[in-house]
Amino acid sequence: MLHSRIIAATAGAIVIATLALATAHATGPRMEAELDARARKAIAAAGGNGITARFTTRAGWATRHPLMRGGDELSDPVRARTARMVAQIPGVGAVHWANSSGLAARLEEAPHPLHCQDDVNALLHSRTIRFQEGSASIDPASEQLVDEVAEALRPCLGSIIAVTGHTDKSGLEQSNVALSLSRAEAVRDGLLARGIPADGLRARGLGSKKPVEGLDPEDPANRRIEFSVIASVPVRPTPVDVPGPR
Amino acid sequence: MPIWMELLVLALFAYGVGMALGWLVWGRSDNEQ
């Protein structure tokens, strides 16, 4: 009884496997031709002249994971952009380069601060967000500056915006850290109230650990709020290989 | 990975899941008879 069941299950598996292989054999070439045509268009759109994407494995089977080669005279960003364009074609899996190496991943454009960072720095260059003495409530005179900062950060929604509070070295470090944190949180709340979403905002307090470069740690000018905008990198479901060094 | 291998793995996996479900739902009571 058990024996016949095992035989039946195995026979079923063989039938399924045969069906899968027959389907792959029947549809593989068409899939390959279609992906190939779309990849050509994507490569042309990305400006990757001379780059080819091959949708066959070394043994000649159709695959949805292309191997890119060529375009050696093109710059790495152009090649990387071409690979990403090819990877975005529906149905395409992981993209690999024929000449890639382990170093390739590190060459990919690093997440860089967006221009909002510069805008905010420019705003805070001559003015500072002031707080009432020893407290974490923003001075009414600085509310307008917070308005402007929120406005400058708006184009970078979707990025991580870090709000960091600093103090000078006077007083106990422990209370300095607590005060810088609650001041950073006050600014974060101010930004929240101006419509910047909470999930992109991070507040932290460093106390007097990082004085302004070239300033005495005791100098009251060290009391400040800094903003850093970090571009968020979208999560990719499949790896996109970028060309390695040549 | 060639497409036939992806299809093969997927189809056999689905077959295995189907067999396991079938055994869970009907197979066990069948054995008791």
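Residues numbered from 1 in each chain as written. Chains lettered and ligands numbered in written order. Predicted model: local features only at pLDDT ≥ 70, side-chain atom pairs only at ≥ 80, totals over all residues.

> Just checking my understanding: could you explain the overall build of chain B for this structure?
The number of helices and strands found in chain B is 1 helix and 0 strands. In chain B, which comprises 33 residues, the share counted as buried stands at 12%. (Helix = DSSP H or I, 4+ residues; strand = E, 2+ residues; numbered from the N terminus. Buried ≥ 20, exposed ≤ 12 C-beta atoms within 10 Å, placed from the backbone.)

> How do you make sense of the interface of chain A and chain B when you look at a structure like this?
Frequently, the measure chosen for interface size is the accessible area removed from exposure when the parts meet. Each partner contributes to the interface: chain A provides 19 residues, whereas chain B provides 10 residues. Among the secondary structure elements, those contributing two or more residues to the side of chain A that touches chain B are helix H1 (2-46) and strand S2 (62-70) of chain A. Looking at which element gives the most residues to the side of chain A that touches chain B, the answer is H1(A), with 13 residues. (Contact = placed C-beta atoms within 7 Å.)

> In this structure, what is going on with the sheet that holds strand S3 (residues 96-97) of chain A? I would like to understand it.
Backbone hydrogen bonds hold the strands of a sheet together, and the pairing may be parallel or antiparallel. All names here are of chain A. Taken together, 3 strands build an open sheet; the order of strands is S1-S2-S3 and the sheet is mixed. One side of each edge strand has no neighbouring strand; the edge strands of this open sheet are strand S1 (51-56) and S3. In the sheet, S2 pairs with S3 via 2 bridges, with the strands oriented parallel. Across the sheet, methionine 68 pairs through a bridge with tryptophan 97, a residue of S3. Set on the sheet, H1 makes contact with S1 and S2; between it and S1 the angle comes to about 165 degrees. (Pairing = 2+ DSSP bridges. Axes fitted to C-alpha atoms, helices over the stretch in contact; angles between N-to-C directions.)

> Could you clarify how one ought to interpret the nonpolar core in this entry?
Grouped together as the largest cluster of nonpolar side chains are 23 residues, with contacts concentrated most on Met68(A) and Val86(A). Elements with a contribution of two residues or more to this core: H1, S1, S2 and helix H2 (76-87) of chain A together with helix H1 (3-32) of chain B. The greatest single-element share of this core, amounting to 6 residues, is contributed by H1(A). With 21 residues, the next largest nonpolar core counts Val120(A), Ile129(A), Cys156(A) and Ala203(A) among its residues. (Core = buried A, V, L, I, M, F, W, Y, C linked by C-beta atoms within 7 Å.)

> Help me out: how do you make sense of the confidence of the model for chain B in this one?
Caution applies to low-pLDDT parts of the model: their predicted coordinates are not meant to be read in detail. Across chain B, pLDDT averages 86, with 85% of residues at or above 70. The ipTM for the predicted assembly is 0.81, set against a pTM of 0.48. (pLDDT = per-residue confidence, 0-100.)

> I keep staring at the packing of H1(A) against H2(A) and nothing clicks. Help me out?
Helices that pack against each other are described as a pair by the angle of their axes relative to one another and the distance between those axes. Residues and elements named next belong to chain A. One way to put it is that H1 packs onto H2 with a least axis distance of 9 Å and a crossing angle of 145 degrees. When you trace H1 past H2, the crossing you get is right-handed. Contacts between H1 and H2 involve Ala39, Ala42, Ile43, Ala45 and Ala46 from the former and Arg81, Thr82, Met85 and Val86 from the latter. (Left-handed = near helix turned anticlockwise from the far one by under 90°.)

> Honestly, the pairing of strand S4 (residues 160-166) of chain A in this entry has me stumped. Any pointers?
Of all 7 residues making up S4(A), 5 are buried, and the element is well covered by its neighbours. Of the crossover connections in this fold, the one passing from S4(A) over helix H6 (residues 173-193) of chain A to the parallel strand S5 (residues 201-205) of chain A is right-handed. (Right-handed = clockwise from strand over helix to strand, strands pointing away.)

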